[in-house]
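This is what each chain is made of:
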Amino acid sequence: MSLLIFSCNNSNKKESTAPLKQPVQNGTVLDQNVHKLKKTLSTLKSYDSFPRHIYKDKTNWEFVKVRDWCSGFWPGTLWYAYEASKDETILKGAKQFTESLKQIAYTEARNHDIGFQIFCSYGNGYRLTGNESYKQVILDAADTLATLYNPIVGSIHSWPTRTQYPHNTIIDNMMNLELLFWAAKNGGSKSLYDIAENHAEVTMKYLVRPDSSSYHLGSFNDKTGAFVKGYTHQGYADESMWERGQAWGIYGFAFSYRETGRKDFLDTAIKLSDKFLQRLPEDGIPYWDFDDPKIPNAPKDASAAAIAACGFLELSTLVDNPQLQDTYFKAGKTLIEILSTDAYLSQSENQALLLHSTGNHPKGLEVDEPIIYADYYFMEGLMRLKTLQKS
Ligand code: GLY
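Reading the values: the criteria
Residues numbered from 1 in each chain as written. Predicted model: local features only at pLDDT ≥ 70, side-chain atom pairs only at ≥ 80, totals over all residues. Heavy atoms only, no water. UniProt positions renumbered as here; feature names shortened; annotations may be inferred. Helix = DSSP H or I, 4+ residues; strand = E, 2+ residues; numbered from the N terminus. Near = heavy atom within 4 Å. Polar contact = N/O pair within 3.5 Å; in protein donor to acceptor, adjacent residues only side chain to side chain. Areas by Shrake-Rupley, 256 points an atom, 1.4 Å probe, with all protein chains shown as cover. 1 Å grid on protein atoms, 1.4 Å probe; cavity = no way out; pocket = protein on both sides within 12 Å on 5 of 7 lines; lining within 4 Å. Sits in = over half its atoms within 2 Å of the grid points. Nonpolar A, V, L, I, M, F, W, Y, C, P; charged D, E, K, R; others polar. Pairing = 2+ DSSP bridges. Axes fitted to C-alpha atoms, helices over the stretch in contact; angles between N-to-C directions. Buried < 20%, exposed > 50% of the residue type's maximum accessible area, 1.4 Å probe, protein only. Parallel < 35°, antiparallel > 145°, perpendicular 65-115°, else oblique. Left-handed = near helix turned anticlockwise from the far one by under 90°. Contact = heavy atoms within 4.5 Å.

Per an unreviewed UniProt entry, the protein chain goes by Unsaturated glucuronyl hydrolase (GH88) and derives from Formosa agariphila. What UniProt records for the protein chain under Sequence similarities (unreviewed entry) is the sentence "Belongs to the glycosyl hydrolase 88 family."

**What to know about the environment of Leu 345**
Relative to the helices and strands, Leu 345 is located in the loop between helix 11 (322-339) and helix 12 (372-390). Separated by 205 residues in the primary sequence, Leu 345 and Asp 140 have C-alpha atoms spaced 37 Å apart.

**Describing the site of the ligand**
Around the ligand, the neighbouring residues are Trp 69, Asp 172, Gln 234, Trp 242, Arg 244, Trp 248 and Tyr 373. In the environment of the ligand, an oxygen atom lies 2.6 Å from a nitrogen or oxygen atom belonging to the side chain of Gln 234. For the ligand, whose free accessible area comes to 200 Å², the fraction covered by protein is 95%. The site holding the ligand turns out to be the second largest pocket. Partitioning the shell around the ligand into residue classes produces four nonpolar, one polar and two charged.

**Notes on the sheet that holds strand 7 (residues 227-231)**
If you walk across this open sheet you meet the three strands as 5-6-7, and the pairing is antiparallel. Of all strands in the sheet, those bounded by a partner on one side alone are strand 5 (167-170) and strand 7. Neighbour-to-neighbour, the strand axes of the sheet open up by a mean angle of 25 degrees, direction not taken into account. When strand 5 meets strand 6 (residues 217-220), the two strands line up antiparallel, connected through four bridges.

**Focus: the side chain of Thr 169**
Following the sequence through the fold, Thr 169 ends up in strand 5. Classification of Thr 169 by relative accessible area gives buried; the value is 0%. Among the polar contacts made by the side chain of Thr 169, one reaches the main-chain carbonyl oxygen of Ile 156 at a distance of 2.9 Å.

**Some words on the packing of helix 2 (residues 73-85) against helix 4 (residues 114-129)**
At a minimum axis distance of 7 Å, the contact between helix 2 and helix 4 shows a crossing angle of 25 degrees. Between helix 2 and helix 4, the angle falls in the class roughly parallel. Here helix 2 and helix 4 pass one another in a crossing that is left-handed. Residue-level contacts link Phe 73, Pro 75, Gly 76, Trp 79, Tyr 80, Tyr 82 and Glu 83 of helix 2 to Phe 116, Cys 120, Ser 121, Asn 124, Gly 125, Arg 127, Leu 128 and Thr 129 of helix 4. Split by residue class, the contact of helix 2 with helix 4 holds eight nonpolar, five polar and two charged.

Structure, rendered in C-alpha cells:
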C-alpha cells in the first residue's frame, strides 16, 4: 500500500492555488472532535431529527427522521464523544437522541438497518451506562430484526421494499449481525445466534466473489433458497468493487469470526481486507468505487476509509500471527491518521468532522459530501486506537 498523503491524485483536494486550511492545533483530533460535536449539539433542539449529510456549499447538517437508516449514527457519535470526554452535556444529548429511536424496536421491521439504528445508539448507550432499559430495547430490536430472516435462504431479507427481488441480501447487512450476536449472548433467544451465523455463511458463499471483492446485493429465490444473481445498487456496476460494501464486509466478517470462532469467516475478513488494501490509491483513501473508469477524476469516500479502519483494528485483535496483527493495526491506524489531516478534516468548513464521503453516486445523492456515518466510524476508530495504543 502506498500512502503518499500529500502528493495524491485526489480530485477532491483543493486546487494548489487555494489557501490551505489550518492544520490541527490545540490538542488532539479526538479533543477537537468532541469540542465540535458539543458545539453542534448545542444548536439542536429537536431530538427526533438526526443529522445525515451536509450539502457541498452549505455549513449545517440536513436532518432525517427516526425511520431513516442513518438515524442511529448521530446519537452513536455523541456516545463516543461522551466516552472520550465524560462531558455531562454530551451525555444528556446522547440520551435524548437515543431515546427517540425506541419505536424502531417495537414496530414492524422495514429493513435490515435496525442494527445500525439501535446498536449504534442504544448499544453504545448500554455499553457506557449499563442502563437496563436500554438493554431491553436492544433485545427487542434484535427480535424485530430477526422477523426478516428467511430460513429457506438462510439469510435476512435486507430490503423488503425492493420487490423486484423476492429475497435480497446486501453486504451492508453483515454489520447488523452484531446486534443479533450480542442479543443471543445477553439474554435473548439462542436462535438469534443461528440466524446471524447462517446469514454470514450465505453472504460469504454468494456475495463474496472469487476475486475477493463483493457484490452489493445478492438476489435469491425465496421459495427454494437458490442464488439468482449479484447486483449493485450504490456501486458503478454489478461486477465492480463498491468500496463501502467491501468495508462493511471487512468489519462484518471480522466480528462474525470473533463471535463464532469460525475460521472461514476469519479467512473471508482477511481476503476482503487484503483486496481493499491492494486497491487503495496513492493518498490511501478509496474512491467511491474502485472500478469507476473516471478514476482519478472520481469522488472519494471517507466513510469507507473510516469503516474499514475500524474493521482492520478489530481484525488486528483477532489474528494470531504477530505479523498480521501488525499489518492490520497499521492499516487501521494509517487510515485514521490520513482522515485526521487537513485534506479530510472539515474543521471550520462545516458542522461535520469529515469531508469527502460519497453515499449514492449512481443516484447523484450525497456525492463528495460530509455524511454522518463517516463521522461515527471516525470517532469509533479514534477511540479504538486510543484503547489499543494504551494496551
Ligand atoms: N448501508 C447503506 C450504505 O452503505 O450506503
